[in-house]
Amino acid sequence: MRSLIRGSLLIVLIGLGGSLVLSSPMAVQSRPQATHSLYADALENGWTDYGSWDVTANYGNAAPVHGGTASISLRFDAAWAGLYLHANAVSTSGYDVLRFWIHGGSTGNQELRVVANGDGDNAAAVTAAANTWTQIDLPLNTLGSPTTLSDLYWQDTTGGAQPIFYLDDIQLVGSGVPPTALPPGVGPALSVDAQADHHPISPYIYGMNFADEDLAAELNLPVRRWGGNSTSRYNWQLNVHNTGFDWYYENIPDDNAGPLPGGSSTNQFVDQDRRTGTETILTMPLIGWTPKRRLESHPYDCGFKVSKYGTQVP
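In this structure, what is going on with the pattern of salt bridges? I would like to understand it.
All told, the structure shown has six salt bridges when counted by the stated rule. Close ionic contact of Arg-75 with Asp-77 constitutes a salt bridge, the shortest N to O distance being 2.6 Å. Since its relative accessible area comes to 36%, Asp-77 is described here as partly exposed. For Arg-224, the salt bridge goes to Asp-273, with nearest N and O atoms at 2.7 Å. Of the two residues, Arg-224 is situated in strand S15 (residues 223-226) and Asp-273 in helix H2 (residues 265-276); the sequence distance between them amounts to 49 residues. The burial state of Arg-224 is the same as that of Asp-273; both residues are buried.

This is the structure we're talking about:
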(Lines give C-alpha, C1' and ligand atoms only; values in the text may rest on other atoms or scores of the structure.)
Protein backbone atom coordinates (compact mmCIF):
# COMPACT_ATOMS: atom_id res chain seq x y z
CA MET A 1 0.00 0.00 0.00
CA ARG A 2 1.26 3.44 -0.88
CA SER A 3 0.68 6.83 0.64
CA LEU A 4 -0.51 9.75 -1.46
CA ILE A 5 1.92 12.34 -2.80
CA ARG A 6 1.44 16.04 -3.13
CA GLY A 7 -0.05 17.04 -6.48
CA SER A 8 -1.50 19.92 -8.43
CA LEU A 9 -4.65 20.44 -10.48
CA LEU A 10 -5.67 22.85 -13.22
CA ILE A 11 -8.70 24.68 -11.85
CA VAL A 12 -11.50 26.67 -13.43
CA LEU A 13 -13.48 28.07 -10.50
CA ILE A 14 -16.48 30.35 -10.93
CA GLY A 15 -18.07 32.10 -7.97
CA LEU A 16 -21.82 32.00 -7.92
CA GLY A 17 -23.99 34.84 -6.77
CA GLY A 18 -27.43 36.28 -6.99
CA SER A 19 -30.44 36.95 -4.84
CA LEU A 20 -34.17 36.53 -5.16
CA VAL A 21 -36.86 39.10 -4.35
CA LEU A 22 -40.20 37.67 -3.33
CA SER A 23 -43.17 39.21 -5.05
CA SER A 24 -45.77 38.35 -2.43
CA PRO A 25 -46.01 37.15 1.19
CA MET A 26 -45.79 33.39 1.62
CA ALA A 27 -47.71 31.19 4.05
CA VAL A 28 -45.64 30.00 6.99
CA GLN A 29 -45.61 26.20 7.26
CA SER A 30 -44.28 23.69 9.72
CA ARG A 31 -43.45 20.02 9.30
CA PRO A 32 -44.81 17.93 12.18
CA GLN A 33 -42.60 14.95 12.88
CA ALA A 34 -42.92 11.71 14.77
CA THR A 35 -40.06 11.48 17.29
CA HIS A 36 -38.58 9.02 19.75
CA SER A 37 -36.27 10.76 22.24
CA LEU A 38 -33.08 9.07 23.43
CA TYR A 39 -31.72 12.07 25.32
CA ALA A 40 -33.25 15.43 26.29
CA ASP A 41 -31.76 16.69 29.58
CA ALA A 42 -31.41 13.01 30.54
CA LEU A 43 -31.50 9.59 28.93
CA GLU A 44 -35.12 8.67 28.16
CA ASN A 45 -37.41 5.85 27.02
CA GLY A 46 -35.28 3.09 28.48
CA TRP A 47 -31.96 4.18 26.96
CA THR A 48 -28.95 3.67 29.26
CA ASP A 49 -25.18 3.90 29.14
CA TYR A 50 -24.31 0.30 28.36
CA GLY A 51 -20.60 0.23 29.03
CA SER A 52 -19.03 3.21 27.31
CA TRP A 53 -15.28 2.70 27.13
CA ASP A 54 -12.34 5.09 27.67
CA VAL A 55 -14.77 8.02 27.94
CA THR A 56 -15.35 10.65 30.62
CA ALA A 57 -19.08 11.40 30.31
CA ASN A 58 -21.47 13.68 32.18
CA TYR A 59 -25.16 13.28 31.30
CA GLY A 60 -26.14 16.37 33.30
CA ASN A 61 -23.72 18.92 31.87
CA ALA A 62 -25.06 22.45 32.50
CA ALA A 63 -23.29 24.38 29.71
CA PRO A 64 -23.27 24.55 26.82
CA VAL A 65 -26.71 23.12 26.11
CA HIS A 66 -28.68 23.09 22.87
CA GLY A 67 -32.11 22.77 24.43
CA GLY A 68 -33.46 22.45 27.95
CA THR A 69 -31.11 22.52 30.92
CA ALA A 70 -28.50 19.80 30.29
CA SER A 71 -26.37 18.15 27.62
CA ILE A 72 -23.92 15.22 27.52
CA SER A 73 -20.29 16.25 27.91
CA LEU A 74 -17.78 13.77 26.50
CA ARG A 75 -14.01 13.42 26.50
CA PHE A 76 -12.37 10.55 24.62
CA ASP A 77 -9.48 9.54 26.89
CA ALA A 78 -7.86 6.93 24.61
CA ALA A 79 -7.75 5.70 21.04
CA TRP A 80 -11.02 4.26 19.67
CA ALA A 81 -12.97 5.37 22.77
CA GLY A 82 -16.73 5.19 22.50
CA LEU A 83 -20.02 6.35 24.04
CA TYR A 84 -22.35 3.32 24.05
CA LEU A 85 -26.12 3.68 24.50
CA HIS A 86 -28.51 0.70 24.71
CA ALA A 87 -32.23 0.04 24.97
CA ASN A 88 -34.52 -2.90 24.41
CA ALA A 89 -35.29 -3.22 20.70
CA VAL A 90 -36.98 0.02 19.57
CA SER A 91 -38.96 -0.36 16.35
CA THR A 92 -37.83 2.09 13.68
CA SER A 93 -41.18 1.92 11.91
CA GLY A 94 -42.22 5.51 11.21
CA TYR A 95 -38.67 6.84 11.72
CA ASP A 96 -36.07 7.34 9.02
CA VAL A 97 -33.50 9.69 10.60
CA LEU A 98 -31.26 9.67 13.67
CA ARG A 99 -30.96 13.33 14.70
CA PHE A 100 -28.66 14.87 17.29
CA TRP A 101 -26.80 18.09 17.95
CA ILE A 102 -23.02 18.21 18.49
CA HIS A 103 -20.79 20.99 19.86
CA GLY A 104 -17.01 20.82 19.55
CA GLY A 105 -16.21 22.92 22.61
CA SER A 106 -13.47 25.51 22.28
CA THR A 107 -11.25 23.15 20.27
CA GLY A 108 -13.53 21.47 17.74
CA ASN A 109 -12.55 19.10 14.93
CA GLN A 110 -13.31 15.98 16.96
CA GLU A 111 -13.67 13.11 14.48
CA LEU A 112 -15.97 10.19 15.26
CA ARG A 113 -18.28 7.67 13.69
CA VAL A 114 -21.83 6.65 14.60
CA VAL A 115 -22.69 2.94 14.52
CA ALA A 116 -26.12 1.33 14.94
CA ASN A 117 -26.52 -2.21 16.31
CA GLY A 118 -22.81 -2.91 15.93
CA ASP A 119 -22.96 -2.62 12.12
CA GLY A 120 -19.52 -1.11 11.56
CA ASP A 121 -19.79 -1.60 7.79
CA ASN A 122 -22.47 1.11 7.72
CA ALA A 123 -20.96 3.70 10.04
CA ALA A 124 -21.48 7.43 9.51
CA ALA A 125 -18.58 9.87 9.92
CA VAL A 126 -19.15 13.06 11.95
CA THR A 127 -16.86 16.01 12.71
CA ALA A 128 -17.65 18.53 15.47
CA ALA A 129 -17.32 22.28 14.88
CA ALA A 130 -15.80 24.52 17.54
CA ASN A 131 -17.94 26.88 19.64
CA THR A 132 -21.25 26.09 17.95
CA TRP A 133 -24.06 23.55 17.92
CA THR A 134 -24.46 21.65 14.65
CA GLN A 135 -27.52 19.57 13.78
CA ILE A 136 -26.64 16.12 12.43
CA ASP A 137 -29.29 14.15 10.53
CA LEU A 138 -28.23 10.58 9.71
CA PRO A 139 -30.71 8.70 7.49
CA LEU A 140 -31.21 5.23 8.94
CA ASN A 141 -30.50 3.70 5.54
CA THR A 142 -26.91 4.95 5.89
CA LEU A 143 -26.67 3.07 9.21
CA GLY A 144 -27.69 -0.29 7.74
CA SER A 145 -31.49 0.29 7.65
CA PRO A 146 -32.17 -1.37 11.04
CA THR A 147 -35.79 -2.43 11.59
CA THR A 148 -35.20 -2.19 15.34
CA LEU A 149 -32.62 -0.17 17.22
CA SER A 150 -31.04 -1.37 20.43
CA ASP A 151 -27.43 -0.16 20.33
CA LEU A 152 -25.79 3.11 19.30
CA TYR A 153 -22.25 4.25 19.78
CA TRP A 154 -20.26 7.35 18.96
CA GLN A 155 -16.61 6.27 18.54
CA ASP A 156 -13.25 7.99 18.04
CA THR A 157 -11.77 7.52 14.55
CA THR A 158 -8.47 9.38 15.00
CA GLY A 159 -6.64 6.69 16.92
CA GLY A 160 -5.97 9.02 19.84
CA ALA A 161 -7.54 10.91 22.73
CA GLN A 162 -9.86 13.81 21.84
CA PRO A 163 -10.79 16.94 23.81
CA ILE A 164 -14.19 17.55 25.36
CA PHE A 165 -17.27 17.92 23.16
CA TYR A 166 -21.03 17.78 23.72
CA LEU A 167 -24.15 15.97 22.47
CA ASP A 168 -27.75 17.03 23.00
CA ASP A 169 -31.33 16.33 21.85
CA ILE A 170 -30.73 12.83 20.47
CA GLN A 171 -33.83 11.40 18.81
CA LEU A 172 -35.28 9.25 16.08
CA VAL A 173 -37.28 11.35 13.64
CA GLY A 174 -39.90 10.50 11.07
CA SER A 175 -39.33 13.07 8.34
CA GLY A 176 -41.97 11.85 5.89
CA VAL A 177 -44.98 13.54 7.50
CA PRO A 178 -46.36 16.11 5.02
CA PRO A 179 -46.27 19.81 5.95
CA THR A 180 -49.36 21.53 7.32
CA ALA A 181 -50.12 25.23 7.56
CA LEU A 182 -49.86 26.90 10.93
CA PRO A 183 -53.08 28.40 12.34
CA PRO A 184 -53.57 32.15 11.73
CA GLY A 185 -51.50 34.29 14.06
CA VAL A 186 -49.06 31.47 14.93
CA GLY A 187 -45.43 31.80 13.94
CA PRO A 188 -43.17 34.73 13.05
CA ALA A 189 -44.60 37.89 11.54
CA LEU A 190 -43.23 38.23 8.01
CA SER A 191 -43.40 41.09 5.55
CA VAL A 192 -41.83 41.38 2.10
CA ASP A 193 -41.11 44.60 0.23
CA ALA A 194 -41.47 43.47 -3.38
CA GLN A 195 -40.13 46.81 -4.65
CA ALA A 196 -36.82 46.66 -2.79
CA ASP A 197 -33.43 45.87 -4.33
CA HIS A 198 -34.48 44.85 -7.85
CA HIS A 199 -31.72 43.23 -9.89
CA PRO A 200 -31.40 40.29 -12.28
CA ILE A 201 -30.86 36.80 -10.92
CA SER A 202 -27.43 35.45 -11.84
CA PRO A 203 -27.71 32.69 -14.48
CA TYR A 204 -24.94 30.80 -12.68
CA ILE A 205 -27.23 29.65 -9.87
CA TYR A 206 -28.98 27.36 -12.37
CA GLY A 207 -26.57 24.46 -12.79
CA MET A 208 -26.17 20.70 -12.52
CA ASN A 209 -23.54 18.17 -11.48
CA PHE A 210 -22.13 15.96 -14.26
CA ALA A 211 -25.04 16.48 -16.69
CA ASP A 212 -24.58 14.51 -19.91
CA GLU A 213 -24.02 16.38 -23.15
CA ASP A 214 -27.45 15.86 -24.74
CA LEU A 215 -29.25 17.08 -21.62
CA ALA A 216 -26.92 20.07 -21.22
CA ALA A 217 -27.52 21.08 -24.85
CA GLU A 218 -31.29 20.60 -24.55
CA LEU A 219 -31.48 22.76 -21.42
CA ASN A 220 -28.94 25.32 -22.65
CA LEU A 221 -27.33 24.63 -19.27
CA PRO A 222 -25.64 27.75 -17.81
CA VAL A 223 -23.12 25.99 -15.54
CA ARG A 224 -21.99 22.42 -14.81
CA ARG A 225 -20.06 21.26 -11.74
CA TRP A 226 -17.30 18.69 -11.41
CA GLY A 227 -17.51 17.90 -7.71
CA GLY A 228 -17.92 15.29 -5.00
CA ASN A 229 -15.75 13.39 -2.53
CA SER A 230 -13.44 11.68 -5.01
CA THR A 231 -12.71 14.91 -6.92
CA SER A 232 -11.02 16.24 -3.76
CA ARG A 233 -8.31 13.61 -4.33
CA TYR A 234 -8.04 13.64 -8.16
CA ASN A 235 -4.72 13.69 -10.04
CA TRP A 236 -5.42 15.25 -13.47
CA GLN A 237 -1.97 14.33 -14.82
CA LEU A 238 -2.57 10.60 -14.21
CA ASN A 239 -6.39 10.74 -14.48
CA VAL A 240 -6.76 8.85 -11.19
CA HIS A 241 -8.98 9.53 -8.17
CA ASN A 242 -8.79 8.15 -4.64
CA THR A 243 -11.97 6.73 -3.11
CA GLY A 244 -11.06 7.62 0.48
CA PHE A 245 -12.92 6.03 3.39
CA ASP A 246 -15.85 5.19 1.06
CA TRP A 247 -14.01 2.28 -0.59
CA TYR A 248 -10.74 1.13 0.94
CA TYR A 249 -8.78 4.28 -0.08
CA GLU A 250 -8.19 2.81 -3.55
CA ASN A 251 -6.56 4.82 -6.35
CA ILE A 252 -8.99 4.20 -9.25
CA PRO A 253 -8.08 5.16 -12.86
CA ASP A 254 -10.62 7.02 -15.02
CA ASP A 255 -11.04 6.21 -18.71
CA ASN A 256 -8.74 8.29 -20.91
CA ALA A 257 -9.96 10.02 -24.07
CA GLY A 258 -6.43 10.15 -25.42
CA PRO A 259 -2.83 10.58 -24.29
CA LEU A 260 -2.46 12.08 -20.84
CA PRO A 261 -2.77 14.66 -19.47
CA GLY A 262 -4.79 16.03 -22.40
CA GLY A 263 -7.13 13.05 -22.41
CA SER A 264 -7.98 13.30 -18.70
CA SER A 265 -11.53 13.34 -17.33
CA THR A 266 -11.25 17.01 -16.43
CA ASN A 267 -10.25 17.94 -19.98
CA GLN A 268 -13.15 15.87 -21.34
CA PHE A 269 -15.45 17.66 -18.89
CA VAL A 270 -14.34 21.12 -20.02
CA ASP A 271 -14.41 20.13 -23.72
CA GLN A 272 -18.06 19.06 -23.37
CA ASP A 273 -18.96 22.35 -21.69
CA ARG A 274 -17.33 24.29 -24.52
CA ARG A 275 -19.40 22.37 -27.06
CA THR A 276 -22.65 23.16 -25.22
CA GLY A 277 -21.76 26.75 -24.25
CA THR A 278 -21.80 25.84 -20.55
CA GLU A 279 -19.56 27.40 -17.88
CA THR A 280 -17.46 25.02 -15.77
CA ILE A 281 -16.87 24.65 -12.04
CA LEU A 282 -14.05 22.26 -11.08
CA THR A 283 -13.42 21.25 -7.49
CA MET A 284 -10.00 22.24 -6.16
CA PRO A 285 -8.33 19.46 -4.09
CA LEU A 286 -7.11 21.47 -1.11
CA ILE A 287 -6.04 18.53 1.06
CA GLY A 288 -2.60 18.61 -0.60
CA TRP A 289 -2.43 14.94 -1.65
CA THR A 290 -3.31 13.01 -4.82
CA PRO A 291 -2.61 9.45 -6.12
CA LYS A 292 1.02 9.05 -7.12
CA ARG A 293 0.76 6.37 -9.79
CA ARG A 294 -1.76 4.80 -12.18
CA LEU A 295 -2.52 1.07 -12.32
CA GLU A 296 -4.93 -0.10 -15.01
CA SER A 297 -6.47 -3.02 -13.09
CA HIS A 298 -6.71 -4.65 -9.66
CA PRO A 299 -5.00 -4.79 -7.28
CA TYR A 300 -4.96 -0.98 -7.14
CA ASP A 301 -2.77 1.05 -4.82
CA CYS A 302 -4.40 2.20 -1.59
CA GLY A 303 -3.45 5.76 -0.72
CA PHE A 304 -3.71 7.09 2.85
CA LYS A 305 -1.79 8.96 5.53
CA VAL A 306 0.76 6.54 6.96
CA SER A 307 1.10 8.79 10.01
CA LYS A 308 -2.58 8.20 10.80
CA TYR A 309 -3.31 4.66 9.61
CA GLY A 310 0.10 2.96 9.82
CA THR A 311 2.39 1.41 7.25
CA GLN A 312 1.60 -1.18 4.61
CA VAL A 313 0.77 -4.75 5.54
CA PRO A 314 3.17 -7.31 3.98
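Is there a simple way to explain the environment of Asn-209 in this structure?
Along the chain, the position of Asn-209 falls in strand S14 (residues 207-209). Taking the C-alpha atoms as reference points, Asn-209 and Gly-228, separated by 19 residues in sequence, lie 9.0 Å from one another. At 3.3 Å, the side chain of Asn-209 and the side chain of Arg-225 are in polar contact.

How should I be thinking about unusual backbone geometry in this particular structure?
Trans peptide bonds make up the majority, and among non-glycine residues the majority have a negative phi. In the segment running from Ala-63 into Pro-64, the intervening peptide bond is cis, with an omega of 0°. By the secondary structure assignment, Pro-64 is in the loop between strand S4 (55-61) and strand S5 (71-76). Put simply, Leu-260 and Pro-261 share a cis peptide bond, and its omega is 5°. Here Pro-261 shows up in the loop between strand S18 (251-253) and H2. The phi dihedral of Phe-210 falls on the positive side, at around 55°, and the residue is not glycine.

Please clarify how the confidence of the model for the protein chain should be interpreted in this entry.
When pLDDT drops low, the exact placement of atoms in the prediction is not to be read closely. Model confidence for the protein chain is summarised by a mean pLDDT of 84, while 84% of its residues fall at 70 or above. Ranking the elements of the protein chain by mean pLDDT puts strand S1 (residues 29-30) last with 35 and S5 first with 97. Within the model, pLDDT remains below 50 along residues 1-32, and this stretch shows 82 contacts once partners closer than five positions in the same chain are excluded.

Quick question: what am I supposed to make of the sheet that holds strand S19 (residues 279-282) here?
Note on sheets: strands pair through backbone hydrogen bonds, and any given pair is parallel or antiparallel. The three strands are arranged S14-S15-S19 in an open sheet whose pairing can be described as parallel. Two strands in the sheet have a free side with no partner beyond their single neighbour: S14 and S19. Averaged over all pairs of adjacent strands, the angle between their axes in this sheet comes to 25°, without regard to strand direction. The pairing of S14 with S15 spans three bridges and is parallel. For Met-208, the partnering residue across the bridge sits in S15 and is Arg-224. Lying over the sheet, H2 contacts S15 and S19, oriented at roughly 155° with respect to S19.

Thresholds, definitions, all that
Residues numbered from 1 in each chain as written. Predicted model: local features only at pLDDT ≥ 70, side-chain atom pairs only at ≥ 80, totals over all residues. Heavy atoms only, no water. Salt bridge = Lys/Arg side-chain N within 4 Å of Asp/Glu carboxyl O. Buried < 20%, exposed > 50% of the residue type's maximum accessible area, 1.4 Å probe, protein only. Helix = DSSP H or I, 4+ residues; strand = E, 2+ residues; numbered from the N terminus. Polar contact = N/O pair within 3.5 Å; in protein donor to acceptor, adjacent residues only side chain to side chain. pLDDT = per-residue confidence, 0-100. Contact = heavy atoms within 4.5 Å. Pairing = 2+ DSSP bridges. Axes fitted to C-alpha atoms, helices over the stretch in contact; angles between N-to-C directions.

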